Each structure stands twice: as C-alpha cells, then as structure tokens.
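Reading the structure
What follows is the residue order along each chain.
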Amino acid sequence: MAVITMREALNQAMREEMRRDEGVFLMGEEVAAYQGAYKVSKGLLEEFGDRRVVDSPITELGFAGLGVGAAMAGLRPIIEFMTFNFSILATDQIVNHAAKMRYMSGGQFKVPIVFRGPNGSAFQVSSQHSQALESWYAHFPGLKVVMPSTPADAKGLLKSAIRDDDPVIFLEQERMYGLKGEVPDGEDFLVPLGQADVKREGKDCTVVARSMTVPLALKAAEELEKQGVSVEVIDPRTIRPLDIETIVNSVKKTNRLVVAEESHAFCGVAAEISAQVMEHAFDYLDAPVKRLSGADAPMPYAKNLERLALPDVERIVKAVREVAYLE
C-alpha cells in the first residue's frame, strides 16, 4: 500500500495497462512532450515512444474520431481531453459513433475506448471551462460513465475502463488531482465498473455523493456525528451503469436521502437517483429526497461567487438536518 496523489494513480493505471497490452495507446493535446496539461501522462512518452503516446492537433472531433476508428480496428485507445468542456466539440464521434456502433453493427464491432480528462469546476476558470457533463453523457445508451473520488478508485476504475470492450467516459476532477490517498500495490488491482462503495456507514441519513462532493460529504458526516446524527456516505463511482441496489438498501436502513453533486439539478444525476429511489423505496422514506446541486447558472469567474455556486460542507450539513427534521 502506497500513499500517492490522484494524478499519480491515473498515471500508474495507464502505465500498467500499456505495459500489459501493446494495443493500448494515449492520444490528446499535450499528452506527450509536455507530459499532460495536468502531468497525468508524465514519463509515458519516454517509456513507450511517440507511436503510443501521441500529441494531437487542437481538433477534438478529429482525434476522437481517429480513436473510435482505432478501437473498431482492435486497438484500445485512451483519448484525453484537456478539459471535458472541449469534448463538446467531439460529441458527434462520441454519441453518434462510439456509443452506437456495437448496437448498429449487430455486435460485429466492439469499441473499447476510454475518453478521459478533467470534468466540472476548477479554480476560477469561468463559465466555458467549469461544466459538469456527466448527466449529458450518461443519457446515451452505449456509454459507460465513471467518476472516481479517491486515488485508489481512480487507479482501479481506470484499469477496468481500459480493459472494457465498450466506450467509457472517465471523468476526473481537476480540483482533486493533488488529493492523496492509499492505493493498493500490484498491477492486478482493479475496481469493477457498476459497483458503488459505502465510504462511511451510518443509520440516520444516506448521503449519495460523487467525485468532488465525496470528501465534502465525509467531512459533513464527521460534523453531524458531533451533533448526534449518523450519516452513511455512498459513492456510486460509476454513474452508468448505476448501482441503484446499494443506494436503495442504504435508504431502507436510514429512511432519508440527500444527493450532493456539483452539476446542475435540472435533468441531473441526482434527479435520476431521486426518481429511482422513489420507485424502489418510497415506503421507506420518512422525508422527501433532498437534492443539493450546483447553482442553476453559468459558473462565475469571481472566487466568492464561484464558492457560492458549489455545494460545500455547511450546505450538506444543513440538508441532512432538514431531512432529519432538525432545522
């Protein structure tokens, strides 16, 4: 077991899978000579050369399409977007080709490709670079959507994503690249897709959080414990497929649910979780489901306004107290 950062865990995952399978290659803007905009691909060019670590032109639609074609031909591309905001330019290839090709070919083509990079807010990068796009990609059948919240999950989930025969949208959080945590040793460490993780057990309220809101939820749970409220924190880790069973079983135990996310509430993942919990566990709820989402507005640049636009520990504490009828 070693303590490493999120970026180091992602680097390890790619390095190990590239050593394991010569069909795995990395392509994106500044992934090679510059070693990644966030240094996630540090050292990969030196080890694997410029045929497997490829600097692309600034044309997301172009290199995403090249990756889809390579995957159809039997390779396992990792396509890095410098930020997932830029993936918007490549959505024709992602949504119309990668997501649908296996279905439209009657299973004749697999598309084992990973699209990865930072998603959601950063620090004062304003509206066009702060969008959380997970609900958008999760909307389309054929795509798997993954969001790690710890270095261990980042490594294990990315290795599983690279080995998967379907296209995977792998959403990292720029604010979390420096987050440190314990990661198991060994190249066989995998975290299966579609399996949620109970990050903290509790009995009074379930908080479902993902990516950036997981450490916030855990801090809120510590604060609430001092107030006599026991909170269970669940990280879905994979948005699609969603492990709704783990969430429902928790709600049946705690009878209350708060969903914390940094993305917008309208048509969001929290809305989907709320609907499914209502369908599967309505009779167990002692309070309405509470959603705590990012502000329904473009992300502001000013630091004080950016802070107001995102969930924080205090808001999660307040939401739990509300569903527990303590407010």
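Everything that follows concerns the structure shown earlier in this document.
Each value, and the rule that gives it
- Residues numbered from 1 in each chain as written.
- Predicted model: local features only at pLDDT ≥ 70, side-chain atom pairs only at ≥ 80, totals over all residues.
- Heavy atoms only, no water.
- Helix = DSSP H or I, 4+ residues; strand = E, 2+ residues; numbered from the N terminus.
- Rg over C-alpha atoms; globule rule 2.2 N^0.38 Å.
- Buried < 20%, exposed > 50% of the residue type's maximum accessible area, 1.4 Å probe, protein only.
- Areas by Shrake-Rupley, 256 points an atom, 1.4 Å probe, with all protein chains shown as cover.
- Lys, Arg positive; Asp, Glu negative; His and termini not counted.
- Charge placed at Lys NZ, Arg CZ, Asp CG, Glu CD.
- Pairing = 2+ DSSP bridges.
- Axes fitted to C-alpha atoms, helices over the stretch in contact; angles between N-to-C directions.
- Expected span 1.5 Å × (residues − 1).
- Parallel < 35°, antiparallel > 145°, perpendicular 65-115°, else oblique.
- Contact = heavy atoms within 4.5 Å.
- Phe/Tyr/Trp six-rings, centres within 6.5 Å; stacked < 30°, edge-to-face > 60°.
- Lys NZ or Arg CZ within 6 Å of the ring centre and 35° of its normal.

When its secondary structure is counted, the protein chain shows 12 helices and 14 strands. Here the C-alpha radius of gyration of the protein chain, 20 Å, is about what a compact globule of 327 residues would show, namely 20 Å. Along the longest, intermediate and shortest principal axes, the C-alpha atoms of the protein chain span 60 × 45 × 40 Å. With 327 residues in all, the protein chain has 53% of them scored as buried. In the form shown here, the protein chain has an accessible surface area of approximately 14200 Å², with 52% of it arising from carbon and sulfur atoms. Averaging the positions of the 37 positive and the 47 negative side-chain charges in the protein chain gives two centres separated by 1 Å.

Turning our eyes to something else, we now look at the sheet that holds strand 3 (residues 53-55). Strand order in this open sheet of 7 strands is 3-2-4-5-7-6-12, and the pairing throughout is mixed. Unpaired on one side and paired on the other, strand 3 and strand 12 (238-240) mark the two borders of the sheet. In this sheet, neighbouring strand axes are inclined to one another by 20 degrees on average, regardless of whether the strands run parallel or antiparallel.

Under the 1.5 Å per step criterion, the end-to-end length of helix 7 (residues 151-163) is 19 Å for 13 residues, consistent within 8% with the ideal 18 Å. Pro151, Ala152, Asp153, Ala154, Lys155, Gly156, Leu157, Leu158, Lys159, Ser160, Ala161 and Ile162 are the residues of helix 7 that are buried.

This part takes up the packing of helix 3 (residues 60-72) against helix 4 (residues 91-98). The relative placement of two packed helices comes down to the angle between their axes together with the axis-to-axis distance. Contact geometry for helix 3 and helix 4: axes closest at 8 Å, N-to-C directions at 25 degrees. Here helix 3 is positioned roughly parallel relative to helix 4, judged by the angle of their axes. Note on element contacts: helix 4 touches helix 3 through Asp92, Gln93, His97 and Ala98, opposite Leu61, Ala64, Gly65 and Val68.

What follows covers the packing of aromatic side chains. As enumerated under the stated definition, the model contains 6 aromatic pairs in all. Where Phe63 meets Phe81, the ring centres are 6.0 Å apart and the plane angle is 35 degrees; that geometry is what we call tilted. One end of the pair, Phe63, is in helix 3; the other, Phe81, is in the loop between strand 4 (76-80) and helix 4, and 18 residues separate them in sequence. Phe81 shares its class with Phe63; the two are buried. Both rings, one in Phe81 and one in Phe84, keep their centres 5.4 Å apart while their planes meet at 75 degrees; by these two values the pair is edge-to-face. By relative accessible area, Phe84 is classed as buried at 0%. The cationic tip of Lys39 hangs over the ring face of Tyr34; the distance from NZ or CZ to the ring centre is 3.4 Å. Geometry around Phe123 places Arg175 over its ring, the cationic atom sitting 4.3 Å from the centre.

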